[in-house]
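Residue-level structure breakdown
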Amino acid sequence: MGFCTSQPKPHNHKQTPNRGNNNNAPPQTKVSTSTQSKKLDKIPKDYEAVIGIETHVQLSTLTKAFCGCPYNYGSPSNSSICPVCMGLPGALPVLNSKVIEFAVKLGLALNCNLDFNSKFDRKQYFYPDLPKGYQISQFDVPIATGGFLDVDIPVEFGGGHKRFGITRVHMEEDAGKLLHTETRNYSQVDLNRAGVPLLEIVSEPDMRNGIEAAEYAAELQRLVRYLGVSNGNMQEGSLRCDVNVSIRPIGQSKFGTKRTITMRKKEGLADYRYFPEPDLPAVILSQEYVDSVQNSLPELPEEKRRRYEKMGLSMQDVLFLANDKNIAEFFDATLAKGADAKLVANWIMSDIVAFMKNEKLTINEIKLTPEELSELIASIKGGIISGKIGKEILFDLLAQGGSVKELIEKRDLVQITDLVEIEKMVDKVIAENPKQVEQYRGGKTKLQGYFAGQVMKLSKGKANPSLLNKILLEKLNSKS
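Summarised in this report is the structure supplied together with it. (Residues numbered from 1 in each chain as written. Predicted model: local features only at pLDDT ≥ 70, side-chain atom pairs only at ≥ 80, totals over all residues. Heavy atoms only, no water.)

Topic: the nonpolar core
To be explicit about the condition: We call a set of buried residues a nonpolar core when its members are Ala, Val, Leu, Ile, Met, Phe, Trp, Tyr or Cys and they connect through side-chain atoms within 4.5 Å of each other. We call a residue buried when its accessible area falls under 20% of the maximum for its residue type, exposed when it is over 50%, and partly exposed in between, using a 1.4 Å probe and counting protein chains only. Secondary structure elements are taken from DSSP: a helix is a run of H or I of four residues or more, a strand is a run of E of two residues or more, and numbering for both begins at the N terminus. Contacts: residue pairs with any heavy atoms within 4.5 Å of one another.
Among the nonpolar cores identified, the biggest contains 47 residues, and Leu-110, Met-171, Ile-201 and Tyr-216 are the most heavily contacted of them. For this core, the element with the highest residue contribution is helix α2 (residues 97-109), accounting for eight residues. Ignoring any residue separated from it by four or fewer positions in sequence, one finds Ile-201 in contact with Ile-53, Glu-54, Thr-55, Val-57, Leu-106, Leu-110, Ile-166, Arg-168, Val-169, Tyr-216 and Leu-220. Formed by 39 residues, the second largest nonpolar core is a distinct cluster that contains Phe-330, Ala-339, Ile-363 and Leu-373.

Following this line, the structure appears as structure tokens:
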């Protein structure tokens, strides 16, 4: 299908008179740079920011909110529309039940009070990408109110736990999208997005700086991904934040005046002329339904972080592992096979993540399985292979998959623990390096690392490091 077009009125290009020679202009007052600097320096000390965020989350339902049209990001313009989402006369909306389920899920996850009898309303305003001339939303009876979101501030930003209030969560539909041409004087209207289900989350004005605001938004993104209600991809418009900022003197409880830069003109609250949506019934929830949704909730990011903390992991480890749902699941699956939590965290956060970044892969796309990572850690811990060989095996497992045991046997990588065999290699290295032996015994004890390296090279990396160093020290410190 093609585009609808919206053509603006032509601009009246008027020349601005040159005021450079206007002798009647009032004299300009000069303010010294030092005075301005002092005033600016005083602002951070005497004032604080008050920040609240309105977030729109696009839901990952198979079809739109009130019709059977699918929505796929990036699909050809106006290829997924019907009389309902086009706002044609006589077309009636039919509510997608998944929208209710996802709204209840998010409301519960945000510790909100659910309204068991809510309703939809019409929000009237005109804009070219709103085909009906109104948006189906919720006004005075939203589905969820009065919740909170707990956030862990990263260590590099001071650390600590913060709780931000949630005013309300309500359901609504999205508008279409305007595509502005660069060379022509009209805009094109794509209605693929019209009618796509949204949840709007309104926070309390509880944030006091940009870091808190950013961490709140990141936690909300993390939460909707854990719940599976949205992919949370901001670059696709699946999560959009409107930030309200004001300042006030520190210690003052009254809010200041927010500063707004208008991007597109919309009416005020009175002009929206809200009234109950006549074409949709009330949304009535039963306790049984809410309980079933509650029981279906996964372990949420906050709960996962607290569990990881109890394992003795550092906050840096905790925040990294819980940040991505798929990484957290991989970590948990490896622990389920009996591996040590700290060792698993170290392997994931170092070599595995480095490989993923280098190859531009997600943890679901690598060939390594949690079972084999657990087996690899056990093989090193049990002395079957050395840590160095373990790393070599790891990269094969990441890129090609396979079994740890098979790789060890196929390449004859089993660690040498026979004392006599290791002693023979140590004797050979010492005999071949008399000059270095003399230097070591003369006080250059750092040469121990050189000898250890030569023995490891001779053993092709298979000599047990602990036994090797013990025998090596005995030989080097021996006067015979």
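Details of unusual backbone geometry
With a phi angle near 55°, Asn-78 is a residue other than glycine that sits in the positive phi range. As for its placement among the helices and strands, Asn-78 is situated in the loop between β2 (47-58) and α2. A relative accessible area of 2% places Asn-78 in the buried class. The phi torsion at Lys-460 lies on the positive side, around 60°, for a residue other than glycine. Position of Lys-460 among the secondary structure elements: in the loop between α14 (448-458) and α15 (465-477).

Considering the sheet that holds strand β5 (residues 121-124)
This is how the line gets drawn: Strand pairing is assigned whenever DSSP detects at least two bridges linking the two strands.
An order of β6-β5-β13 is seen for the three strands of this open sheet, with the pairing classed as antiparallel. The open sheet has two edge strands with one neighbour each: β6 (134-137) and β13 (275-276). Pairing analysis gives four bridges linking β5 to β6, with the strands arranged antiparallel. Along β6, the bridge assignment pairs Asp-121 with Ser-137.

Some points on the side chain of Gln-124
Tracing the backbone through its elements, the reader meets Gln-124 in strand β5. Residue Gln-124 is classed as buried on the basis of its relative accessible area, which comes to 11%. Dropping the residues within four chain positions of it, Gln-124 is found in contact with Gly-133, Tyr-134, Asp-271, Tyr-272, Arg-273 and Phe-275.

Without other data, these values stay purely geometric and don't point to any function.
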